[in-house]
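The lines below spell out each chain.
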Amino acid sequence: MTVSIRIPTPLRPYTDGEPSVAVEATTVGGALNFLTTAHPDLSKHLRNEHGKLRSFVNVYLGDEDIRFLNAEDTPLTDGAELTIVPSIAGGVA
Amino acid sequence: MLRIHRKQLALLHAHATEGYPHEVVGILAGDRSRHTVQRVQPLTNERADSPANRYKVGGLALLQAEQDLEAQGLEIVGYYHSHPDHPAQYSDYDREHALPNMSYLITSVHGGDVIHTQSWRLLEDRSSMQEEAIEIES
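Residues numbered from 1 in each chain as written. Chains lettered and ligands numbered in written order. Predicted model: local features only at pLDDT ≥ 70, side-chain atom pairs only at ≥ 80, totals over all residues. Heavy atoms only, no water.

Participant: Quick rundown of the sheet that holds strand S3 (residues 57-61) of chain A? Include the residues and the values.
Facilitator: An order of S2-S1-S5-S3-S4 (chain A) is seen for the five strands of this open sheet, with the pairing classed as mixed. Among the strands making up the open sheet, the edge pair consists of strand S2 (20-24) and strand S4 (64-65) of chain A. Each of strand S1 (2-6), S2, S3 and strand S5 (81-86) of chain A is contacted by helix H1 (residues 28-38) of chain A, which is oriented at about 115° to S2 of chain A, the strand it contacts most. In the packing of helix H2 (residues 59-70) of chain B onto the sheet, contacts are made with S3 and S5 of chain A, and the angle to S5 of chain A comes to roughly 90°. (Pairing = 2+ DSSP bridges. Helix = DSSP H or I, 4+ residues; strand = E, 2+ residues; numbered from the N terminus. Contact = heavy atoms within 4.5 Å. Axes fitted to C-alpha atoms, helices over the stretch in contact; angles between N-to-C directions.)

Shown next, in the form of structure tokens:
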């Protein structure tokens, strides 16, 4: 099924400037993998070396954080809208 | 090269001073194509557990603030934060949490006084951050 993923401004250089990308997937993880297969340079900014989503990368299905759903196993319905919402963090070592 | 209006840099420094000894954080908004900061937008540091050496702004709060700025015709150029009693050098923790294609401006505050401000950008392979010059515009 076709779902859309909204891309935040700093990551759009990796999607040819597109603010939204249509992907084919049945789960959130599948949608993200479709996205990073189509745009491989995006992968290292979304996932760490263990393949896990980076801590500052939040993914919303509609207005629900997938962490409070079934994370990357969350099923998708046709026409679902995913949004990548970065948080910012840092500080003195 | 990051360009920032003199008054906006002064507002940023005032925010860092007022927040001392805690870290402060905010958005650098302006013109991405000209790499110019026309507005600094202070945000709330959510790390109440460790505010002297950590900052965080959650995704929804950040998204809301950015959409408010974009509705005023501004683009997100980057973010700033302070390092109380530490240099304006980025930390590994800063690098690990950095977004690409953004400027990260760090202001060093010692004893409540702003000492130094530097700007950094994440390298494409995420291995380090590279300093970029700051040009102050009148």
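Participant: Lay out the nonpolar core with the relevant residues and their values.
Facilitator: By size, the foremost hydrophobic cluster in this structure holds 45 residues, and its most contacted members are Ile84 of chain A together with Ile27 and Tyr79 of chain B. Residue contributions to this core peak at four residues, all from H1 of chain A. For isoleucine 27 of chain B, the residues in contact, after removing those within four places along its chain, are Arg39, Val40, Gln41, Leu43, Leu62, Ala65, Glu66, Leu69, Ile76, Gly78, Tyr79 and Tyr80 of chain B. Core analysis: the second largest hydrophobic core is formed by 13 residues, Leu2, Ala16, Leu28 and Val109 of chain B among them. (Core = buried A, V, L, I, M, F, W, Y, C linked by side-chain atoms within 4.5 Å. Buried < 20%, exposed > 50% of the residue type's maximum accessible area, 1.4 Å probe, protein only.)

Participant: Requested: an account of the pattern of salt bridges, with residues and values cited.
Facilitator: One pass over the structure, following the stated rule, counts five salt bridges over all chains. A salt bridge links aspartate 65 of chain A to arginine 67 of chain A, with the nearest nitrogen and oxygen atoms 3.6 Å apart. (Salt bridge = Lys/Arg side-chain N within 4 Å of Asp/Glu carboxyl O.)

Participant: Now, about the side chain of glutamate 66 of chain B: what can you tell me, with residues and values included?
Facilitator: Within the secondary structure, glutamate 66 of chain B is located in helix H2. The buried charged residue glutamate 66 of chain B lacks any salt bridge partner; its closest oppositely charged side chain belongs to arginine 12 of chain A, at an N-O distance of 8.4 Å. Leave out the neighbours within four places in its chain, and glutamate 66 of chain B touches Ile27, Ile76 and Tyr79 of chain B. (Lys, Arg positive; Asp, Glu negative; His and termini not counted.)

Participant: Outline the interface of chain B and chain A, listing residues and values.
Facilitator: With 34 residues of chain B in contact, the opposing surface of chain A contributes 22 residues. Across the interface of chain B and chain A, roughly 2300 Å² is buried in total on both sides, 64% from carbon and sulfur atoms. Taken as a group, His97, Leu99 and Arg126 of chain B account for 24% of the area that chain B buries against chain A, more than any other trio of residues on that side. One can count one salt bridge joining chain B with chain A. The residue lysine 44 of chain A makes a salt bridge to glutamate 124 of chain B at a minimum N-O spacing of 3.4 Å. On the surface where chain B and chain A come into contact, there are 15 residue pairs in polar contact (both at pLDDT 80 or more). (Buried area = accessible area lost by both parts, 1.4 Å probe. Polar contact = N/O pair within 3.5 Å; in protein donor to acceptor, adjacent residues only side chain to side chain.)

Participant: Kindly report on the pairing of strand S7 (residues 113-122) of chain B, identifying the contributing residues and their values.
Facilitator: All names here are of chain B. Sheet analysis places strand S6 (residues 103-110) next to S7, joined by seven bridges and oriented antiparallel. Within S7, the position partnered with leucine 105 by the bridge is serine 119. Remark: two residues form the turn of the hairpin made by S6 and S7, two consecutive strands paired antiparallel; glycine 111 in that turn has positive phi of roughly 60°. Pairing of S7 with strand S8 (residues 129-132), which is carried by four bridges, proceeds in the antiparallel orientation. Following the sheet pairing, tryptophan 120 is matched in S8 by glutamate 131. Between S7 and S8, which pair antiparallel and follow one another directly, the connecting turn spans six residues, one of which, arginine 126, has a positive phi of 65°.

So yeah, pure geometry; function would need other evidence.
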